[in-house]
Amino acid sequence: MGNPQGRGKTALVIGGGAPNSTLIAGALAAFLAEGIEFDVISASGAGVLMGLLYAAPRDVSPREALMRWAEVGVADSIYKLFPVNYKVFKKPGAQAESYRDSMMAQLQALPGMGTNPFANMFTQHFAEASAKWNDWMHLLMSAMSPSDLNSGSLGLCAHLPFLEQSIDFDAVARMRPQFYINAYNIDRHRMQIWNKDQITAAHVRASLSFPFLYAPTEIDGENYIEGAALDTLNFDPFIAPDDGGPALEPEVDTLVVLDILGEDRLIRKPRNLYDAWVRSIITPLVKISKTEQRLFELEHNTHPATGKQRRKMLKVDLMKDVPEQHWPQVLDWSSSNMQLLFDVGYRAGLEFCRTHGEHLGVPEKAPLAA
C-alpha cells in the first residue's frame with residue numbers, strides 16, 4: 001500500500017490548526033484502520049504534531065496516540081467558567097519547568113500513575129474519579145505553578161513540555177514515509193523545510209512556535225516561528241524551487257490533503273472576548289489556506305499546455321458532518337468538542353478511503369451505511 005506496483009508515490013499533506021485538530025487525528029485513525037500508508041507526509045503547524053503521533057508515537061500505538069490527543073480537552077463545566085486549555089498550554093520559564101519536573105517525579109512514584117503525556121500529572125492517579133475532578137486538579141496545579149512571564153516575555157506559553165514524552169524522536173529518521181515540516185526563519189525571511197533525517201524536538205518546537213503564544217525557537221543562532229502562520233499547508237516539497245532545480249518529491253502522483261482552516265464557517269461572530277481573540281488568529285488563516293490551495297492547483301499542479309493536473313489532488317472533507325448547531329463551539333478546547341470532532345474526522349476518513357481506495361492502493365469497499 002502507499003506505492004503499489006505501477007503507481008507513483010502517494011503523499012499526505014497535513015495542515016495547521018490547533019483547537020479543531022482532532023478532526024485530523026480522527027481521519028488519521030481511520031487511515032490506520034483501513035490500512036492506508038503514504039510514501040511522503042508533509043506537515044505544518046499542529047499538523048506536524050498530528051503527523052508524528054501517527055508515524056512515530058512514543059510507547060503506544062499510533063491509534064492510541066491519536067485517541068489520547070482527543071482526550072486533552074477540558075471538562076465542559078470547567079471550560080464554561082475558564083475557557084483556556086491549561087492542560088496543553090503551560091506557563092513558561094525555568095521556575096515553571098522545575099515545578100513540573102518536581103511534581104512529575106513525585107507523582108510517578110504513586111500507585112496507578114500512567115504515562116499519558118497529554119493528560120499530564122493527575123489523570124491516571126485519579127483514574128477512578130470523574131473527568132471533571134481530574135480537570136479541576138489540573139487547573140489547581142496549573143494555577144499553583146510559578147512563572148517568569150512578564151511584559152518583556154516573547155510568548156505566553158512554554159514550548160510543548162510534553163513533546164519528548166509523546167513522540168519517539170529516535171524513531172523519526174527510521175519512519176517508513178519521508179516526512180517534511182516547515183518553519184519560518186525570521187532572520188533570513190524565508191521558509192525552512194526539514195526532512196525526517198533532520199527533525200529533532202527543537203525543529204518541531206520551531207514548527208509550532210506560533211507568534212504571541214510561543215516565543216520564537218532558536219536553532220543554530222537563528223530564530224524561527226510556526227510555518228503555518230504563513231503557509232498553512234506545506235506544499236513546498238512538491239514545488240520546483242525558483243533556481244530551476246527539481247522538487248524534493250517529484251515522483252508523487254497523488255496528494256491527499258487534510259485541511260481544517262480553509263472553511264468560511266470558521267469566520268463568525270464571537271461569543272465572548274476569549275472567543276474573539278481565538279477567531280482573530282483563525283480568520284486570516286482561513287483566507288491564507290484557501291488561497292494557498294487555489295494557487296498550488298493553478299500554478300504548480302496544472303500543466304500550462306494541456307490544462308491537466310500534474311498529479312491527482314484529493315481533499316478529505318473533514319468538516320462536512322459537523323452539526324450546524326455546533327459551529328459556534330468548533331474552536332473550543334472543551335472535551336465535548338474535541339471528542340465530537342474526532343468522531344467526525346474518523347467518519348470522514350473512512351468515507352474518503354472507501355471512495356478513493358483505487359488511488360490509495362486499496363480494494364474498493366462497500367460505502368458506509370447512512
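The residue count restarts for each chain, going from 1 along the sequence in the order it is written. This being a predicted model, a pLDDT of at least 70 is required before a residue's local features are given, and a value of 80 or more before pairs of side-chain atoms are given or counted; all residues contribute to the totals for chains, interfaces and linings. Note: side-chain values were computed over all heavy atoms of the structure, leaving out hydrogens and water.

Student: Tell me about the overall build of the protein chain, and please be specific about residues and values.
Tutor: Segments assigned H or I by DSSP are reported as helices when at least four residues long, segments assigned E as strands when at least two residues long, and all are numbered from the N terminus. Each helix and strand counted, the protein chain has 12 helices and 8 strands in total. Here's how the labels work: a residue is buried when its accessible area is under 20% of the maximum for its type, exposed when over 50%, partly exposed in between, all with a 1.4 Å probe on protein chains only. By residue count, 52% of the 370 residues in the protein chain fall in the buried class. Residue-level accessible areas treat just the shown protein chains as cover; the underlying method is Shrake-Rupley with a 1.4 Å probe. Taken as a whole, the protein chain presents about 16,700 Å² of accessible surface, with 54% of it coming from carbon and sulfur.

Student: Explain helix H6 (residues 131-144) to me, using residue names and the numbers behind them.
Tutor: A helix is expected to span 1.5 Å multiplied by its residue count minus one. Over its 14 residues, H6 extends 20 Å from the first C-alpha to the last, a length consistent with the 20 Å expected when each residue adds 1.5 Å. Along H6, the positions that sit buried rather than exposed are Asn134, Asp135, Met137, His138, Leu139, Met141 and Ser142.

Student: Explain the environment of Ala183 to me, using residue names and the numbers behind them.
Tutor: Position of Ala183 relative to the elements: it lies in strand S3 (residues 178-185). Exposure remark for Ala183: the relative accessible area of 0% places this residue in the buried category. It is 3.9 Å that separates the C-alpha atoms of Ala183 and Gly227, two residues lying 44 residues apart in sequence. Contacts of Ala183, omitting those with residues within four sequence positions, involve Arg190, Met191, Gln192, Trp194, Ala206, Ser207, Tyr224, Ile225 and Gly227. When checking whether two residues touch, look at their non-hydrogen atoms; a contact exists if any pair is within 4.5 Å.

Student: Can you break down the pairing of S3 residue by residue, with the values?
Tutor: Burial runs high along S3: 8 of the 8 residues are buried. Across 4 bridges, the pairing between strand S2 (residues 40-43) and S3 is parallel. Considered in S3, the bridge of Ile41 is made with Phe179. By the convention used here, strands pair only if DSSP detects at least 2 bridges between them. Relative to strand S4 (residues 190-194), S3 runs antiparallel, the two being bridged by 5 bridges. Bridge pairing links Asn185 to Arg190 in S4. The pairing of S3 with strand S6 (residues 222-226) spans 3 bridges and is antiparallel. The residue of S6 that forms the bridge with Tyr184 is Ile225.

Student: Tell me about the packing of helix H2 (residues 46-55) against helix H3 (residues 62-69), and please be specific about residues and values.
Tutor: To get an axis, fit a line to the C-alpha atoms, keeping to the stretch in contact for a helix; angles then go from 0 to 180 degrees between the N-to-C directions. Orientation of H2 relative to H3, taken along the N-to-C sense of each, is 145 degrees, at an axis distance of 7 Å. Facing Leu49, Met50, Leu53 and Tyr54 of H2, the residues of H3 in contact are Pro62, Ala65, Leu66 and Trp69. Amino acids outside the nonpolar list (Ala, Val, Leu, Ile, Met, Phe, Trp, Tyr, Cys, Pro) and the charged list (Asp, Glu, Lys, Arg) are all regarded as polar, and Gly is one of them. Here the residues of the contact of H2 with H3 are counted per class, giving 8 nonpolar, no polar and no charged.

Student: Give a description of the pairing of strand S1 (residues 9-14) that names residues and reports values.
Tutor: Consecutive side chains along a regular strand alternate between the two faces of the sheet. Summarising burial for S1: 5 of the 6 residues are buried, a large majority. Across 6 bridges, the pairing between S1 and strand S7 (residues 252-258) is parallel. When the bridges of S7 are listed, Ile14 appears paired with Leu258. Across 4 bridges, the pairing between S1 and S2 is parallel. Among the inter-strand pairings, Ala11 is bridged to a residue of S2, identified as Val40. Regarding the hand of the β-α-β motif, the stretch spanning S1, helix H1 (residues 22-34) and S2 is right-handed. Whether a crossover is right-handed comes down to one check: with the strands pointing away from the viewer, does the path from the first strand over the helix to the second run clockwise; if it does, it is right-handed.

Student: Now, about the nonpolar core: what can you tell me, with residues and values included?
Tutor: A general feature of soluble globular proteins is that nonpolar side chains tend to end up buried together. We define the nonpolar core as a collection of buried residues of types Ala, Val, Leu, Ile, Met, Phe, Trp, Tyr and Cys that are connected through side-chain atoms lying within 4.5 Å of one another. Counting residues in hydrophobic clusters, the biggest one holds 83 residues, and the most contacted among them are Leu28, Phe31, Trp69 and Leu258. Those residues in contact with Leu28, other than ones at most four positions away along the chain, are Leu12, Ile14, Met50, Gly51, Tyr54, Leu66 and Leu258. Listed in part, the 17 residues of the second largest apolar core include Val13, Val40, Phe238 and Leu255.

Student: I'd love a proper account of the side chain of Ser207, names of residues and values included.
Tutor: Structurally, Ser207 is set in helix H9 (residues 201-207). Once you skip the residues sitting within four places of it in the chain, Ser207 turns out to touch Gly45, Val48, Ile181, Asn182, Ala183, Glu226 and Gly227.

Student: Can you explain helix H10 (residues 273-300)? Please cite residues and give values.
Tutor: For H10, with 28 residues, the first-to-last C-alpha span of 40 Å sits near the 40 Å given by 1.5 Å per residue. Here the bend at each residue means the angle between axes fitted to two seven-residue stretches, the one ending at that residue and the one beginning there. The largest bend in H10 is about 30 degrees, located at Ser280, with the proline Pro284 one to four residues further on. Buried within H10 are the following residues: Asp275, Val278, Arg279, Ile282, Leu285, Val286, Ser289, Glu292, Gln293 and Phe296. In the core, the buried residues of H10 are packed alongside S7 and strand S8 (312-315). Pairs of N or O atoms are called polar contacts if they sit within 3.5 Å, as long as, within protein, a hydrogen donor faces a hydrogen acceptor (for residues adjacent in sequence, only side-chain-to-side-chain pairs). The backbone nitrogen of Tyr274 has a side-chain oxygen 3.3 Å away, supplied by the residue at the start of H10, namely Asn272.

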